[in-house]
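# Understanding the architecture of this molecule
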Amino acid sequence: MIKPRTTPGVMELLPRDQIAFQRMLDVIRRNYERFGFLPVETPVFELSEVLLTKTGGETERQVYFVQSTGALEQGGQPELALRFDLTVPLARYVAEHEHDLAFPFRRYQIQRVYRGERAQRGRFREFYQCDIDVIGKDALSVRHDAEMPAVIHAVFSELGVGPFTIQLNNRKLLRGFFEGVGIADGERQALVLREIDKLDKRGADAVRATLGGEGFELASDVVERIMAFVQSRSTSHADALARLAALGEGSETLAQGRDELREVLELLKAYGVPEKNYAINFSIARGLDYYTGTVYETTLDEHPQIGSVCSGGRYENLASHYTKSKLPGVGISIGATRLFWQLREAGIVSTAESSVEVMVGLVDDTRLPDSLDIARRLRAAGINAEVQLEAKKLAKQFQYADRAGIRFVILFGDEEAERGVVKVKDLKSQEQFELTRDEMATALKVELEQQRAMGAR
């Protein structure tokens, strides 16, 4: 007999945890749609030659290839591979359907991706990503960069995860600063960018030592100027603008980055993002080289150990490998699986009540038609109802409802039939009351809506 076990690196949940996870996805989806983003889905696998055009090194080693039994027997090379993110499939999608899409193209995508990570606690090989992107044709206004924090704010406010900060920076501003301290070579800038992006994880001393050590060999005065710059954090909207102004003119690249970041900041107020929820952080670089302008990382103020819960940025040309058209864009991504796991570990989210709101018990088999009619009335009123189809002992029926997280149990026997009522037990308060069969659905709907409203707060 084979021992049942899940493969390493996947998150498999019990029903009530799955309900909580699904509700988190629903919040994300709902807010994406409120901002006018359209849903897109792409296949779980892509042609290998398409998927691997923008990868290399470590990423390619993490790709899962797909091969049919027939191809294996013929000794063929894998033609297909599982997607490792949603960005490369988006690039292929936009390039393929370019002439059928309206630009700027605004899409959201909530799907699983697959990555051959080393299996460890909190790291997953199969996980949900929740992405939004705005793709322009030839050009895309920086105003779209300001919309991303507004979406992030809406999502995380509704998720109720406590205070959070959207940290902002601009890669042009960083590159312009590096030019000013004598680091002009693009490859060398990329190395320094990747290193300072680790500042919050590794600490200032470790980053300082790396920049002055083998492979970088930066002069000590240059290292100190870099460290002073990247440790800059704003404390308010006015302070953020003041820090940008204090940078002076500098190079053309720095001036472009400063002006773009200033415009983003000025629009955040119009978008209604409270200034307590955003700040400039000059160490935010995002390690991926294709980011060219505004970059974002979102952290939970009371749980810094979780790290970034939503990140993204501006890129110059999404689909350069697949089309001659220039398609600049900006986007963000939420790694929902890892986020949910971390929030649950931190006690921020807990097991949800069942999506079943009422269980209709069965006193004896002769009352099954009545039980089915009661459930029909509840469902017609928009209440999720389950019927016990076998007349077990009432204690077992109550135990089942309690373990399944169902709040209300309705009973209807001979005594209730004589008086034209149903008996309702609230397993949350342990109160028991009676309602007429006609008023039952309306009364329970009011009670459940009050419960949802309290949960939303």
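The structure we're discussing is the one just above.
The text that follows walks through the structure, step by step, so that each part is easy to find. (Residues numbered from 1 in each chain as written. Predicted model: local features only at pLDDT ≥ 70, side-chain atom pairs only at ≥ 80, totals over all residues. Heavy atoms only, no water.)

## A look at the overall build of the chain
When you go through the chain residue by residue, the secondary structure sums to 18 helices and 16 strands. Overall size of the chain, expressed as C-alpha extent along the three principal axes, is 90 × 65 × 45 Å. In the chain, which comprises 457 residues, the share counted as buried stands at 48%. Of the contacts formed within the chain by residues at least 6 apart in sequence, a portion of 68% connects residues at least 24 apart. For the chain, the exposed area adds up to about 22,700 Å²; of that, 49% sits on carbon and sulfur atoms. (Helix = DSSP H or I, 4+ residues; strand = E, 2+ residues; numbered from the N terminus. Buried < 20%, exposed > 50% of the residue type's maximum accessible area, 1.4 Å probe, protein only. Contact = heavy atoms within 4.5 Å. Areas by Shrake-Rupley, 256 points an atom, 1.4 Å probe, with all protein chains shown as cover.)

## Looking at the sheet that holds strand E10 (residues 310–315)
Judged by pairing direction, the sheet is mixed, and its eight strands sit side by side in the order E1-E5-E6-E11-E10-E9-E7-E8 without closing on themselves. The open sheet is flanked by strand E1 (38–39) and strand E8 (278–280), the only strands paired with a single partner. Pairing of strand E7 (residues 164–170) with strand E9 (residues 291–300), which is carried by seven bridges, proceeds in the antiparallel orientation. Each bridged residue has a counterpart across the sheet, and for Thr 165 the counterpart in E9 is Thr 299. (Pairing = 2+ DSSP bridges.)

## Looking at the pairing of strand E16 (residues 431–436)
In this structure, strand E15 (residues 421–426) lies alongside E16, joined through six bridges in antiparallel fashion. Each residue of the ladder has a partner; that of Val 421, found in E16, is Thr 436. Taking the residues between adjacent antiparallel strands as the criterion, E15 and E16 are bridged by four residues, where Gln 430 takes a positive phi near 65 degrees.

## Here's the deal with the state of the cysteines
Inspection of every chain in the model, using the stated rule, returns zero disulfides. You can see Cys 130 has no disulfide; the closest cysteine sulfur is in Cys 310, sitting 9.5 Å from it. Residue Cys 310 is classed as buried on the basis of its relative accessible area, which comes to 1%. (Disulfide = S-S within 2.5 Å.)

## Some points on helix H6 (residues 143–159)
The end-to-end C-alpha separation of H6 is 26 Å, in line with the 24 Å expected for 17 residues at 1.5 Å each. The buried count for H6 comes to 14 of 17 residues, which makes it a mostly enclosed element. (Expected span 1.5 Å × (residues − 1).)

## Here's the deal with unusual backbone geometry
Geometrically, the link from Phe 103 to Pro 104 is a cis peptide bond, its omega value of 0 degrees lying close to zero. Structurally, the position occupied by Pro 104 is in the loop between helix H5 (87–96) and strand E5 (105–114). One non-glycine residue, Asp 138, adopts positive backbone phi at about 75 degrees. Backbone geometry places Gln 430, a non-glycine residue, at a positive phi of 65 degrees.

## Looking at the pattern of salt bridges
Going through the model one piece at a time under the given rule, you end up with 35 salt bridges. A salt bridge links Arg 202 to Glu 195, with the nearest nitrogen and oxygen atoms 2.3 Å apart. Taking the relative accessible area as the measure of exposure, Glu 195 reaches 5% and is therefore buried. For Glu 316, the salt bridge identified is with Lys 326, shortest N-O distance 3.0 Å. With Glu 316 in the loop between E10 and strand E11 (329–335) and Lys 326 in the loop between E10 and E11, this residue pair connects regions lying 10 residues apart in the sequence. Since its relative accessible area comes to 35%, Lys 326 is described here as partly exposed. One salt-bridge network, in which partners are shared between bridges, spans Arg 367, Asp 370, Asp 373, Arg 376, Arg 377, Asp 414, Arg 437 and Asp 438. (Salt bridge = Lys/Arg side-chain N within 4 Å of Asp/Glu carboxyl O.)

## So, the environment of Arg 403
Checked against the element boundaries, Arg 403 lands in helix H16 (residues 394–404). Arg 403 sits 49 residues away from Ser 354 along the chain, and the two C-alpha atoms are 9.5 Å apart.

## So, the packing of helix H1 (residues 15–34) against H6
Contact geometry of H1 with H6 gives a least axis separation of 9 Å together with a crossing angle of 145 degrees. As for the relative orientation of H1 and H6, their crossing is right-handed in sense. Side by side, H1 and H6 meet where Met 24, Val 27, Ile 28, Arg 30, Asn 31, Tyr 32 and Arg 34 of the first sit next to Val 151, Ala 154, Val 155, Glu 158 and Leu 159 of the second. (Axes fitted to C-alpha atoms, helices over the stretch in contact; angles between N-to-C directions. Left-handed = near helix turned anticlockwise from the far one by under 90°.)

## Overview of the side chain of Asn 31
Note that Asn 31 resides in helix H1. For Asn 31, a relative accessible area of 3% translates into the label buried. Discounting residues that sit within four places of it in the chain, Asn 31 has contacts with Ala 154, Val 155 and Glu 158.

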